[in-house]
Amino acid sequence: GPKVLQIPSHQIIDMGQMVTLNCDPVSNHLYFYWYKQILGQQMEFLVNFYNGKVMEKSKLFKDQFSVERPDGSYFTLKIQPTALEDSAVYFCASSLDSTQDTQYFGPGTRLLVL
Amino acid sequence: GMPVEQNPPALSLYEGADSGLRCNFSTTMKSVQWFQQNHRGRLITLFYLAQGTKENGRLKSTFNSKERYSTLHIKDAQLEDSGTYFCAARNNAGAKLTFGGGTRLTVRP
């Protein structure tokens, strides 16, 4: 089926540093999402993005977070500065339509903030 | 309560057994997806439903928006079915998926 790729698969950084997580969504998809899963806990929605804009975000999407997709390249999640509680697996997803279509998930980026 | 309640939180089956998982929704949902998360953490989409029932091999899923629930039925469980199963639903207000707490399934020989 359609594949979403995420780079890197793992990232270890020191608290306070900046990190960028990259997502290569399904090629013709228009809607993009980030979700966060802390180890052993459930998946939580962070943000969705369409046509260059944030459409909806949760309270987990702190001011230190930002998303963009410059010129149709990677869809990125930037955290600056990072905090210990940002350690989690971050999943990117994409869909063709916003409400009537399957969201396809990437393999996740495991982020560890020390 | 939580928008998506998933039961049971954990399930242990012997190979060849049948069982079911259920998600109850606190509000009317527009669609549901079921996922299996394997031991590597990878999320595999099993089903997307806007209504009704779908089958794929040994798996069958039903979504009843009016009654606010969805089920996933596993027939003839195999060792490779072990993992954590999540339901996730969209409401009418937007695109985000709200996930249930997951069911950790262990299939034993």
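Worth saying up front: this structure is predicted, and the values here are computed from it rather than measured.

Q: Please explain the interface of chain B and chain A as it appears in this structure.
A: In many reports, interface size means the accessible area that the parts give up when they come together. Contact residues are listed per partner, giving 21 residues for chain B and 20 residues for chain A. If you sort the residues of chain B by the area they bury against chain A, R42, K96 and F99 of chain B come out on top, with a joint share of 27%. Here chain B is connected to chain A by 1 salt bridge. Here E56 of chain A makes a salt bridge to K96 of chain B, at a shortest N to O gap of 3.8 Å. Summed over the shared surface of chain B and chain A, the number is 7 residue pairs in polar contact (both at pLDDT 80 or more). Those elements giving two or more residues to the side of chain B that touches chain A turn out to be β4 (29-37), β5 (43-49) and β9 (83-91) of chain B. Of the residues forming the side of chain B that touches chain A, the biggest block, 5 residues, is contributed by β4 of chain B.

Q: Would you mind showing me how to read the packing of aromatic side chains here?
A: Any two aromatic rings considered together are summarised by their centre-to-centre distance and by the angle between their planes. What the rule picks out here adds up to 14 aromatic pairs over all chains. With a centroid separation of 5.7 Å and 80° between ring planes, the pair formed by F61 of chain A and F65 of chain A is classed as edge-to-face. As far as the burial class goes, F61 of chain A and F65 of chain A line up, both buried. Joined through ring pairs, the aromatic side chains of Y33, Y35, F45 and F105 of chain A together with F35, F86 and F99 of chain B make up one cluster. One cation-aromatic arrangement involves R22 of chain B over Y69 of chain B; the distance from NZ or CZ to the ring centre is 4.1 Å.

Q: Even after reading the chapter, I still don't get the state of the cysteines, so can you show me in this structure?
A: Put plainly, a disulfide is one covalent bond tying together the sulfur atoms of two cysteines. Evaluated as defined, the whole model comprises 2 disulfides over all chains. Across a sulfur-sulfur distance of 1.9 Å, C23 of chain A and C92 of chain A are joined as a disulfide pair. Sign of the S-S torsion, about -65° for the bond between C23 of chain A and C92 of chain A, identifies this disulfide as left-handed. Placement of C23 of chain A in strand β3 (residues 19-24) and of C92 of chain A in strand β9 (residues 88-95) is noted, with a sequence separation of 69 residues between them. Neither residue differs from the other here; C23 of chain A and C92 of chain A are each classed as buried. Between C23 of chain B and C87 of chain B runs a disulfide, and the two sulfur atoms are separated by 1.9 Å.

Definitions and cut-offs
Residues numbered from 1 in each chain as written. Chains lettered and ligands numbered in written order. Predicted model: local features only at pLDDT ≥ 70, side-chain atom pairs only at ≥ 80, totals over all residues. Heavy atoms only, no water. Contact = heavy atoms within 4.5 Å. Buried area = accessible area lost by both parts, 1.4 Å probe. Salt bridge = Lys/Arg side-chain N within 4 Å of Asp/Glu carboxyl O. Polar contact = N/O pair within 3.5 Å; in protein donor to acceptor, adjacent residues only side chain to side chain. Helix = DSSP H or I, 4+ residues; strand = E, 2+ residues; numbered from the N terminus. Phe/Tyr/Trp six-rings, centres within 6.5 Å; stacked < 30°, edge-to-face > 60°. Buried < 20%, exposed > 50% of the residue type's maximum accessible area, 1.4 Å probe, protein only. Lys NZ or Arg CZ within 6 Å of the ring centre and 35° of its normal. Disulfide = S-S within 2.5 Å.

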